[in-house]
Amino acid sequence: MKPLKLKLLEISLFFVILCFTHVIAEQYRKTYIIHMDKSKMPESFTDHLQWYDSLLKSVSDSASMLYIYSNVIHGYSTRLTAEEAEALEEQQGILSVIPELRYELHTTRTPEFLGLGKGSAVFPTFELASGVIVGVLDTGVWPELESFNDEGLGPVPDKWKGECEVGKTFKSSSCNKKLIGARYFSKGYEGTYGPINETVESKSPRDDNGHGTHTSTTAAGSAVSDASLFGFASGTARGMATKARVAIYKVCWLRDCLGSDILAAMDKAVQDGVDIMSLSLGFPVSQYYKDIIAIGAFSAMTHGILTSCSAGNGGPYPSSLSNVAPWITTVGAGSLDRDFPAPVTLGNGKKYSGISLYNGKTISNSMVPIVYAANVSSSSNGGLCFSRTLIPAKVAGKIVVCDQGGSLSVEKGFVVKKAGGVGLILANREIYGEELIADAHILPSSAVGVKTGDAIKKYISIEVNPTATIGPGSTELGVQPSPVVAAFSSRGPNPITLEILKPDIIAPGVNILAGWSGAAAPSELEEDKRRVNFNIISGTSMSCPHVSGIAALLKAAHPEWSPAAIRSALMTTAYSAYKNGETIQDVATGQPATPFAYGAGHVDPVKALDPGLVYETTVDDYLDYLCALGYTSSQIKQVTNRDFTCDSSKNYSLADFNYPSISVPLQSASGKKDGASVTSTLKYSRTLTNVGSPGTYEVSVVSQTKAVRISVEPASLIFSKKYEKKSYTVTFTASSMPSGTASFASLVWSDGKHAVSSPLAFTWK
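What you see is a predicted model; the values in this text were computed from it and never measured. (Residues numbered from 1 in each chain as written. Predicted model: local features only at pLDDT ≥ 70, side-chain atom pairs only at ≥ 80, totals over all residues. Heavy atoms only, no water.)

Student: Can you tell me about the overall build of the protein chain, naming the residues and giving the values?
Tutor: Check the secondary structure of the protein chain and you find 18 helices and 36 strands. For the protein chain, whose C-alpha radius of gyration is 27 Å, the value lies close to the compact-globule estimate of 27 Å for 765 residues. Taking the principal axes of the C-alpha coordinates as reference, the protein chain spans close to 90 × 70 × 55 Å. Looking at the protein chain as a whole, 58% of its 765 residues qualify as buried. Summing over all exposed atoms, the protein chain offers an accessible surface of approximately 30300 Å²; the carbon and sulfur share of this is 50%. Distance between charge centres in the protein chain, computed from 67 positive and 70 negative side chains, equals 5 Å. (Helix = DSSP H or I, 4+ residues; strand = E, 2+ residues; numbered from the N terminus. Rg over C-alpha atoms; globule rule 2.2 N^0.38 Å. Buried < 20%, exposed > 50% of the residue type's maximum accessible area, 1.4 Å probe, protein only. Areas by Shrake-Rupley, 256 points an atom, 1.4 Å probe, with all protein chains shown as cover. Lys, Arg positive; Asp, Glu negative; His and termini not counted. Charge placed at Lys NZ, Arg CZ, Asp CG, Glu CD.)

Quick look at the structure:
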């Protein structure tokens, strides 16, 4: 554990005191850990202790060293004012100046899994995030939750121009210094469905569904101790940016989310002054000038607002993505290292592992009969356990095996219970593979993968009197491998522009605990009368707000960064392999995943704080991109709200668009068996901006295929100052392959400390 802790501390270089100068008085002394780069000791010193003492005395006449560290790190601890610490951080040889904070046991799993579990001890921008506003466009908010407690927050930022709109179920007092604004947009909805029935849903920002409360508390919820769902995932629930402010824009209602309402909300959010816009929703892909979210996000980008969107839940099918515009940060879903095991034991003694969030009365220790729904149903699709299809006389007192799909998993439990069943085993079908999604069932249950499901069904078919029991559920941490790409997470290649690799990144989206609406059951079913403050649900809707909150932390640390710079930092520091070097797995196949599933990789917020280099993209770059797509002046204006005419004398190329990833369409085999005689050569250019210290970056390329030769020119980039730009060209010489073939590579620029990584995707068409 010590090497990992050291690594996290070192990554905090240059940014710690920037946070605390905003939250503590200038002359207030506190303890700091000074991490030194011992190799940078000047030759004028013969002993490193003399060097330490000299640097310390250069900023403070009275400070003394408390401890000297010589093993776990090189450095010392001392008590300084914020001003002194900031001055010390500027000195040559200082790796980081880390404020000492109290550690707490244990947070809920997502912050810890992402390296944020120890707060500002490893990620020093939490307090600074109080100046950042996260706008969430969703189903509204349940403001009474402790997740919106504003204790310890200062005044609302002066830049905020929004409102707290009221209604019969929402008062102005529902907002505070945490939940600083709330609006609702219903005109499009009511125009389609008629006036809102306020006895059924709230014509106000109040959340009747739970989804919006879940996403907003995931992004920026305040810390809440002793949080859980029925005892599962217990700990301190907190959002990614606990000190950031939240603004709610209710655009989704019980029946629908309509484009006119969404665009109106995005329009207001820009006016109100949000810094981050989070949308866990999407539509079937279309050209950007027809895509409401893409249009709204472009305008937001020109105002310096990063828009984070969910990639969609259409996986594992290829080209199932939503929200693919390059000015949108598109987020897929991965798992955590946490699970909720609920064991299944068969009458033959065999035991299998499943998962469940049921916490009620369990089945007795004795075995009970077990049946497969298809054999006790009046329907030709009986295995799916649709409503009123099970035959009570054949189900009463038994555990029923139902197939996943066709209806909500929790709804199948109600069907089984109404028919007299005492337990439910949900068996995955082939398309879902071994992915297990936990649900808050109303009877003993366990969801199992396709292999286990098949084994249980086989046992039922050959045993004369099959029996089984379902054990109680629990919470298990440290599950490996993790993360894995969720089967439901939408995949590339990009169905609109093959040259843009999407999704951009993945983040936790499986079995996520966050706040919930008091108006909705954890199952989201009307007949479920249970109510909870926190719920565990899954989807790219859950992964999106993780990135939104992390983006808020980066915005706090680097207020000068553009949305493109923040996205680049998130992408180029993401990881696509486990610590043992093996590629992140795809749970849908059980095989290594590809960039079509995970994009640049799984988000790593601590590394993203200090990416070294970024791929900056300007408004002009996006305009050139649209010209390269062949857009007319009219289409460009529809997307950008700008008058712009492509220069007919200019050679616009998608290959030159400065995106952090590279996707290369290639010529397929033309009638030849292997197509090896057909080759093509393409050149792609990129420009990097230094956002760190001066340094020399060397390039390396790792490829899966011999069908593409890759060369980079120049092979090294020397940056002498911050914000300096350097360009490079990648040449691809590719042999033809059969249509539909895909392969991948990675390109990394490294100065020894930073690894600025870009995925490369090759698609023969």
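Student: Requested: an account of the nonpolar core, with residues and values cited.
Tutor: Ranked by size, the top nonpolar core spans 95 residues in total, and within it Tyr249, Val274, Met277, Leu279, Tyr288, Trp327 and Leu570 carry the most contacts. Looking at this core, the element that brings in the most residues is helix H13 (residues 540-557), giving eight residues. Discounting chain neighbours no more than four positions away, the residues touching Val274 are Ile133, Gly135, Trp160, Ala247, Tyr249, Ala269 and Ile305. Ranked by size, the runner-up nonpolar core spans 41 residues in total, among them Val371, Leu390, Ala438 and Leu525. (Core = buried A, V, L, I, M, F, W, Y, C linked by side-chain atoms within 4.5 Å. Contact = heavy atoms within 4.5 Å.)

Student: Residue-level account of helix H7 (residues 211-220), with values.
Tutor: Within H7, 10 of the 10 residues are buried, which leaves the element mostly enclosed by the surrounding structure. Within H7, burial applies to His211, Gly212, Thr213, His214, Thr215, Ser216, Thr217, Thr218, Ala219 and Ala220. Buried residues along H7 sit against strand S5 (133-138), strand S9 (245-250), strand S24 (512-515), strand S25 (534-537) and H13.

Student: Lay out the state of the cysteines with the relevant residues and their values.
Tutor: Scanning all chains against the criterion turns up four disulfides. Two residues, Cys627 and Cys646, share a disulfide whose sulfurs are 2.0 Å apart. Between Cys627 and Cys646, the S-S torsion sits near -95°, and that sign places the bridge as left-handed. Within this pair, whereas Cys627 is found in helix H17 (residues 619-628), its partner Cys646 is found in the loop between helix H18 (633-640) and strand S29 (662-666), the two being separated by 19 residues in sequence. (Disulfide = S-S within 2.5 Å.)

Student: Give me helix H14 (residues 563-572): which residues, what numbers.
Tutor: When you tally the buried positions in H14, you get 10 out of 10 residues, the bulk of the element. Looking at H14, one finds that the buried residues are Pro563, Ala564, Ala565, Ile566, Arg567, Ser568, Ala569, Leu570, Met571 and Thr572.

Student: Go over the pattern of salt bridges, please, and point to the residues and values.
Tutor: Going through the model one piece at a time under the given rule, you end up with 19 salt bridges. With its nearest N and O atoms 2.5 Å apart, the salt bridge here joins Arg491 to Asp586. Pair noted here: Arg491 is in the loop between strand S22 (484-485) and strand S23 (505-508) and Asp586 is in strand S26 (residues 585-586), with a separation of 95 residues, a long-range link. Salt-bridge contacts for Asp504 lead to Lys502; the nearest nitrogen and oxygen are separated by 2.8 Å. By relative accessible area, which is 0% here, Lys502 ends up buried. Connected through salt bridges with shared partners, the residues Glu163, Glu165, Arg183 and Asp272 form a single ionic network. (Salt bridge = Lys/Arg side-chain N within 4 Å of Asp/Glu carboxyl O.)

Student: Explain the pairing of strand S34 (residues 725-735) to me, and be specific about the residues and the numbers.
Tutor: The side chains of a regular strand alternate, residue by residue, between the two faces of the sheet. Relative to S34, strand S30 (residues 679-690) runs antiparallel, the two being bridged by 11 bridges. Counted as the bridge partner of Leu688 is Lys726 from S34. The sheet contact formed by strand S32 (residues 708-713) and S34 spans six bridges and is antiparallel. Among the inter-strand pairings, Ile710 is bridged to a residue of S34, identified as Phe732. (Pairing = 2+ DSSP bridges.)

Student: Can you tell me about the environment of Lys726, naming the residues and giving the values?
Tutor: Tracing the backbone through its elements, the reader meets Lys726 in strand S34. In this structure Lys726 comes out as partly exposed when scored by relative accessible area, which is 28%. In the structure, Lys726 is positioned 36 residues away from Asn690 in sequence and 8.4 Å away in space, judged by C-alpha atoms. For Lys726, the residues in contact, after removing those within four places along its chain, are Arg686, Thr687, Leu688, Leu717, Ile718 and Phe719.

Student: Quick rundown of the side chain of Thr705? Include the residues and the values.
Tutor: Secondary-structure assignment places Thr705 in the loop between strand S31 (695-703) and S32. A distance of 2.9 Å separates the side chain of Thr705 from the backbone nitrogen of Ala707, its partner in a polar contact. Not counting chain neighbours up to four residues away, the residues in contact with Thr705 comprise Ser743 and Phe762. (Polar contact = N/O pair within 3.5 Å; in protein donor to acceptor, adjacent residues only side chain to side chain.)

Student: If you had to explain the packing of H7 against H13 to someone new, which residues and values would you point to?
Tutor: Running from N to C, H7 and H13 point in directions that differ by 35°, and their axes come no closer than 7 Å. As H7 runs across H13, the sense of the crossing is right-handed. Only Ser541, Met542, Pro545, His546, Ser548 and Gly549 of H13 make contact with H7, whose side of the interface consists of His211, His214, Thr215, Thr218 and Ala219. Of the residues in the contact of H7 with H13, the class split is three nonpolar, eight polar and no charged. (Axes fitted to C-alpha atoms, helices over the stretch in contact; angles between N-to-C directions. Left-handed = near helix turned anticlockwise from the far one by under 90°. Nonpolar A, V, L, I, M, F, W, Y, C, P; charged D, E, K, R; others polar.)

Student: Go over the sheet that holds strand S35 (residues 742-750) with me, naming the residues and quoting the values.
Tutor: In spatial order, the strands read S29-S36-S35-S31-S33; together these five strands make up an open sheet with mixed pairing. At either margin of the open sheet sits one strand with a lone partner, and together these are S29 and strand S33 (716-719). Averaged over neighbouring strand pairs, the angle between their axes works out to 20° when direction is ignored. Bridge analysis of S31 against S35 gives six bridges, and the strand direction is antiparallel. Looking across to S35, one finds that Val701 is bridged to Leu747.

Student: Could you give an account of unusual backbone geometry, with specific residues and numbers?
Tutor: A cis amide bond links Gln480 with the next residue in sequence, Pro481, at an omega value of 0°. Note on placement: Pro481 falls in the loop between strand S21 (476-477) and S22. Cis peptide bonds are those with omega within 30 degrees of zero, and the linkage from Glu713 to Pro714 qualifies with -5°. A positive phi angle is found at Asn323, which is not glycine, with a value near 55°. Looking at the secondary structure, you find Asn323 in the loop between strand S11 (306-310) and strand S12 (329-334). At Tyr723, a residue that is not glycine, the phi angle is positive and equals roughly 70°.

Student: An account of the confidence of the model for the protein chain is requested, with residue identities and associated values reported.
Tutor: Predicted confidence across the protein chain gives a mean pLDDT of 89, with 91% of residues reaching 70 or more. Here residues 1-27 is a poorly scored stretch, pLDDT under 50, and it has 71 contacts once near neighbours within four places are set aside; other chains count. Counted against residues more than four places away or in other chains, residues 101-109, with its pLDDT under 50, gives 26 contacts. (pLDDT = per-residue confidence, 0-100.)

Student: Break down the side chain of Ser736 for me, with residues and values.
Tutor: By the element assignment, Ser736 lies in the loop between S34 and S35. Here Ser736 falls in the buried class, since its relative accessible area comes to 1%. Here Gln667 takes part through its backbone oxygen, which lies 3.1 Å from a polar atom of the side chain of Ser736. A polar atom in the side chain of Ser736 sits 2.6 Å from the backbone oxygen of Ser668.

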